[in-house]
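Next come the chains, spelled out residue by residue.
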Amino acid sequence: MSFVRPNVEAMAGYVPGEQPKEGEAVKLNTNENPYRASEKVYDAIRAVADRGLSRYPNSVGQEFREAAAELYGVEPNWIMCGNGSDDILTILTRTFVGENQLLRLPYPSYILYKSLAEIQGARAEEVYFQDDWTLSDYFFQPPAAAPTAPFRVNALEGGVAPDSLRLVYLPNPNSPSGTLLPLETIEKVANNLPCPVLIDEAYADFAGFDCVELVKRNPRVMISRTLSKSYALAGLRFGFLIANPEIIEETMKVKDSYNCDAISIAAATAAIRDQEWLQATVQKIVATRERLQKRMRELGFVVPDSRANFTWNQWPDPELSCEDLYLYLKKNGFLVRYMKYPAWSDGLRISVGTDEQIDQCLDLVEKYLTKDN
Ligand SMILES: *Cc1c(COP(=O)(O)O)cnc(C)c1O
């Protein structure tokens, strides 16, 4: 299609996890929450419906901003609402990264980051994690400093000016590994690199750790959050940004005028006001995660310590294909995520479901490993 911008035409495009029809499979593939959201959320949705939807919503979701500000100990002008945190990521990429400029991210991590760079006509510099899921020294240096580094720096063909690095995406905990980087590491990234750093905290509620204090200390550090995972509201579409007001002022210019609707604003506000529900739910999921992780290791998988609501499972022996195991589980009604990262490796990402779902899934894995396949 010759009318399409060449950088868009060249894109593979992000492929979301499979969404089977309701009841067709046990979904352990997109890190959704297996529990029902707080009843207060459903009450809030019904209240909006009763009031009616003929009016535009508040354009910045002020009610949510105030609730989030209270929770995190900032002023409301430190918060921007988004139609899911993917919307926040889109807005940030558009705000900071222009054509031919550079966006840095660790690899493997969230695949969407690269697509967002490509849409901008920008370049994604994917820097390999080390084997133990820590960042390599290269990650802390401006791009031109090590042009021949043995990492995947596909974006650097033809060389690149050090000031072309405009934004860093750092998921913490990371997906697919579930691993957590400590505060010192993140602070070092922020202090060493000449651009804003977005900590994608989609899974922070499961980690019991976040970088909110760092955002308050360092005006270049930002955090994105989502209600899709820990709050069990993936179907609602709501995420938010915590950042210095000087950044929020700029990102507000880039977002759609009404990027969040009246239902999602009211529901998200009710959700984050119910911290009791959140803590109880997170506790259950973390307990199940620990059991899942332990048993997968006993079965012989290599599983890094997860601080999220999923585990990353690799089989050390090339004889067993993780893809075949994925297909076997799928045939038996359990959908997990098979991930194959080019020039890296593959594995299974299993989301934490209910105890019953995880036990059944583990039994199937065991059955697969012990019979002749
Ligand atoms: C799920 C996920 C998101 C997206 O969340 P939404 O709010 O549903 O758009 C962002 N970042 C990471 C790392 C995720 O896993």
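Every value quoted in this text rests on a predicted model; they were computed, and no experiment measured them. (Residues numbered from 1 in each chain as written. Predicted model: local features only at pLDDT ≥ 70, side-chain atom pairs only at ≥ 80, totals over all residues. Heavy atoms only, no water.)

1. Quick word on the overall build of the protein chain
Now for step 1: What the protein chain contains, in helices and strands, is 13 helices and eleven strands.
Now for step 2: The C-alpha radius of gyration of the protein chain comes to 21 Å, within 12% of the 21 Å expected for a compact globule of 373 residues.
Now for step 3: Oriented by its inertia axes, the alpha-carbon framework of the protein chain measures out at about 60 × 60 × 45 Å.
Now for step 4: Relative to its 373 residues, the protein chain shows a buried fraction of 53%.
Now for step 5: Once local pairs closer than 6 in sequence are excluded, the contacts in the protein chain between residues at least 24 apart make up 72%.
Now for step 6: Looking at the protein chain as shown, the accessible area adds up to about 17000 Å², and 49% of this sits on carbon and sulfur atoms.
Now for step 7: Averaging the positions of the 39 positive and the 51 negative side-chain charges in the protein chain gives two centres separated by 2 Å. (Helix = DSSP H or I, 4+ residues; strand = E, 2+ residues; numbered from the N terminus. Rg over C-alpha atoms; globule rule 2.2 N^0.38 Å. Buried < 20%, exposed > 50% of the residue type's maximum accessible area, 1.4 Å probe, protein only. Contact = heavy atoms within 4.5 Å. Areas by Shrake-Rupley, 256 points an atom, 1.4 Å probe, with all protein chains shown as cover. Lys, Arg positive; Asp, Glu negative; His and termini not counted. Charge placed at Lys NZ, Arg CZ, Asp CG, Glu CD.)

2. A few points about the sheet that holds strand S1 (residues 26-28)
Now for step 1: The strand order across the open sheet formed by four strands is S1-S10-S11-S9, and the pairing between neighbours is mixed. The open sheet terminates on both sides in strands that have one partner only, identified here as S1 and strand S9 (310-313). Going across the sheet, the axis of each strand differs from the next one's by a mean of 30°, ignoring polarity.
Now for step 2: Sheet analysis places S9 next to strand S11 (residues 346-351), joined by four bridges and oriented antiparallel. (Pairing = 2+ DSSP bridges. Axes fitted to C-alpha atoms, helices over the stretch in contact; angles between N-to-C directions.)

3. Quick word on the domain arrangement of the protein chain
Often, the extent of an interface is quoted as the loss of accessible area on bringing the components together.
Now for step 1: According to the domain assignment, the protein chain consists of domain 1 (20-36 + 276-369) and domain 2 (39-273).
Now for step 2: Inter-centroid distance (C-alpha atoms) of domain 1 to domain 2 is 25 Å.
Now for step 3: Taken together, the contact between domain 1 and domain 2 spans 26 residues of the former and 26 residues of the latter.
Now for step 4: Both faces combined, the contact of domain 1 with domain 2 buries some 2300 Å², and carbon together with sulfur accounts for 62% of it.
Now for step 5: On the domain 1 side of the interface with domain 2, the three residues burying the most area are Arg36, Arg307 and Tyr341, jointly 28% of the side's total.
Now for step 6: Here domain 1 is connected to domain 2 by one salt bridge.
Now for step 7: Where domain 1 packs against domain 2, one counts ten residue pairs in polar contact (both at pLDDT 80 or more).
Now for step 8: Secondary structure elements with two or more residues in the side of domain 1 that touches domain 2: helix H11 (275-298) and S9.
Now for step 9: By residue number, the principal contributor to the side of domain 1 that touches domain 2 is H11, which donates six residues.
Now for step 10: Here the side of domain 1 that touches domain 2 is composed, by residue class, of 15 nonpolar, five polar and six charged. (Domains from an automatic or database assignment. Buried area = accessible area lost by both parts, 1.4 Å probe. Salt bridge = Lys/Arg side-chain N within 4 Å of Asp/Glu carboxyl O. Polar contact = N/O pair within 3.5 Å; in protein donor to acceptor, adjacent residues only side chain to side chain. Nonpolar A, V, L, I, M, F, W, Y, C, P; charged D, E, K, R; others polar.)

4. Some thoughts on the nonpolar core
A general tendency of soluble globular proteins is for nonpolar side chains to be buried together.
Now for step 1: Ranked by size, the top nonpolar core spans 90 residues in total, and within it Phe64, Val189, Leu227, Phe238, Met296 and Leu329 carry the most contacts.
Now for step 2: When we break this core down by domain, the ones giving at least three residues each are domain 1 (20-36 + 276-369) and domain 2 (39-273).
Now for step 3: Discounting chain neighbours no more than four positions away, the residues touching valine 189 are Leu135, Phe139, Phe140, Val168, Leu170 and Val197.
Now for step 4: Ile88, Leu167, Tyr169 and Ile248 belong to the second largest nonpolar core, which has 22 residues in total. (Core = buried A, V, L, I, M, F, W, Y, C linked by side-chain atoms within 4.5 Å.)

5. Some points on helix H4 (residues 85-96)
For an α-helix the count is 3.6 residues per turn, leaving residues at separations of three or four pointing the same way.
Now for step 1: Taking 1.5 Å of rise per residue, the twelve residues of H4 would be expected to cover 16 Å, and the 16 Å separating its terminal C-alpha atoms lies within 8% of that figure.
Now for step 2: Those residues of H4 that sit buried are Ser85, Asp87, Ile88, Leu89, Ile91, Leu92 and Thr93. (Expected span 1.5 Å × (residues − 1).)

6. Notes on the packing of aromatic side chains
Now for step 1: What the rule picks out here adds up to 17 aromatic pairs.
Now for step 2: Ring centres 4.3 Å apart and planes at 15° place the aromatic pair tyrosine 56 and tyrosine 258 in the stacked group. With tyrosine 56 in the loop between helix H2 (39-51) and helix H3 (62-72) and tyrosine 258 in the loop between helix H9 (245-254) and helix H10 (262-273), this pair connects stretches of sequence that are 202 residues apart.
Now for step 3: What links up through ring pairs into an aromatic cluster is the set Tyr107, Tyr128, Phe129, Trp133, Trp312, Tyr341 and Trp344.
Now for step 4: Across the ring face of tyrosine 42, the terminal group of arginine 36 is positioned such that the distance to the ring centre comes to 3.9 Å.
Now for step 5: Seen from the ring of phenylalanine 139, arginine 104 lies directly overhead, with NZ or CZ sitting 5.7 Å from the centre. (Phe/Tyr/Trp six-rings, centres within 6.5 Å; stacked < 30°, edge-to-face > 60°. Lys NZ or Arg CZ within 6 Å of the ring centre and 35° of its normal.)

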